[in-house]
Amino acid sequence: MLALTAAAASLAYVGPMAAPVVPRRVPSVEMAAQKKVITMENLDSGLFEAREVDLRTPPIYLLSRLEELKAATALSEAGLLTLAQENQVFSKLESAGAFSKLEKLLPTVEKFGLLSFFEKCLDVPNGVLFTIANTMLFYPIGLLTLQGFAFLPGAEGIFVPIEILTDLAVVAAGTALFVLAYIIGVLQED
């Protein structure tokens, strides 16, 4: 009797399968560069109103920030340019052809868009850049550890120099990104 009642009850239920299938829109994924908070405001009538407000990262104006940091004054007071001139650093650079090499590198900087990349990095929290840089710096150590404990197969034959070059390239990129993150962190400070 109980089995008959349970069977009748299970057959009588019409679940969500009878409802039409509607494709859902998935919202676009965004990083946590924007922070939303709920603010409470006191209205004139004495009521409180709750609103969700975006707290966006304020834009960074590079030249203004360098002026606030008094970088030119610090460079002047340190006397680095006078010291460089006295030691004939610029003449040594000129004789070595450093300025002409630098001029040849300027189109490469434009070609790869390094200045626009730096400008875009100014809007990214420096903690994210430090995280990526540290991950890149840890890559060779982590790979070697995983290979040492046989979680990953070790490189053999021709793949050994390829792996070494890959590790060196990742460490070089991680070091450059770490320096970039530090510079951006200094510029983002209040």
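Some thoughts on the overall build of the chain
Helix and strand content of the chain: nine helices and two strands. Reading the secondary structure of the chain in the N-to-C direction produces α-β-β-α-α-α-α-α-α-α-α. Counting the 190 residues in the chain, one finds 13% classified as buried. Taking all contacts inside the chain whose residues are at least 6 apart in sequence as the whole, residues at least 24 apart take part in 58%.

Section: the side chain of Glu 163
Residue placement: Glu 163 occurs in helix 9 (residues 159-188). Within the buried core, Glu 163 has no salt-bridge partner, and the shortest N-O distance to an opposite charge, that of Lys 111, equals 29 Å. In this structure, Glu 163 is in contact with Leu 143, Gln 147 and Ala 155, ignoring residues within four places of it in sequence.

Some thoughts on the packing of aromatic side chains
Summed over all chains, the structure comprises one aromatic pair. Between Phe 130 and Phe 178, the ring centres sit 4.9 Å apart and the planes meet at 70°, which makes this aromatic pair edge-to-face. Of the two residues, Phe 130 sits in helix 8 (residues 126-148) while Phe 178 sits in helix 9, which places them 48 residues apart along the sequence.

A few points about helix 9
With 30 residues, helix 9 extends 42 Å from end C-alpha to end C-alpha; this agrees with the ideal 44 Å at 1.5 Å per step. Inspection of helix 9 places Glu 163, Asp 167, Gly 174, Leu 177, Leu 180, Ala 181, Ile 184, Gly 185 and Leu 187 among the buried residues, and these make up the whole buried set.

Examining the nonpolar core
A general trend in soluble globular proteins is that nonpolar side chains are found buried together. Core analysis: the biggest nonpolar cluster contains 10 residues, these being Cys 121, Leu 122, Leu 129, Phe 130, Ala 133, Leu 177, Leu 180, Ala 181, Ile 184 and Leu 187. Elements supplying a minimum of two residues to this core: helix 8 and helix 9. Ignoring sequence-local partners within four residues, the contact set of Ala 181 consists of Asn 126, Leu 129 and Phe 130.

Parameters and conventions
- Residues numbered from 1 in each chain as written.
- Predicted model: local features only at pLDDT ≥ 70, side-chain atom pairs only at ≥ 80, totals over all residues.
- Heavy atoms only, no water.
- Helix = DSSP H or I, 4+ residues; strand = E, 2+ residues; numbered from the N terminus.
- Buried < 20%, exposed > 50% of the residue type's maximum accessible area, 1.4 Å probe, protein only.
- Contact = heavy atoms within 4.5 Å.
- Lys, Arg positive; Asp, Glu negative; His and termini not counted.
- Salt bridge = Lys/Arg side-chain N within 4 Å of Asp/Glu carboxyl O.
- Phe/Tyr/Trp six-rings, centres within 6.5 Å; stacked < 30°, edge-to-face > 60°.
- Expected span 1.5 Å × (residues − 1).
- Core = buried A, V, L, I, M, F, W, Y, C linked by side-chain atoms within 4.5 Å.

No statement about biological role is implied by the geometric values presented.
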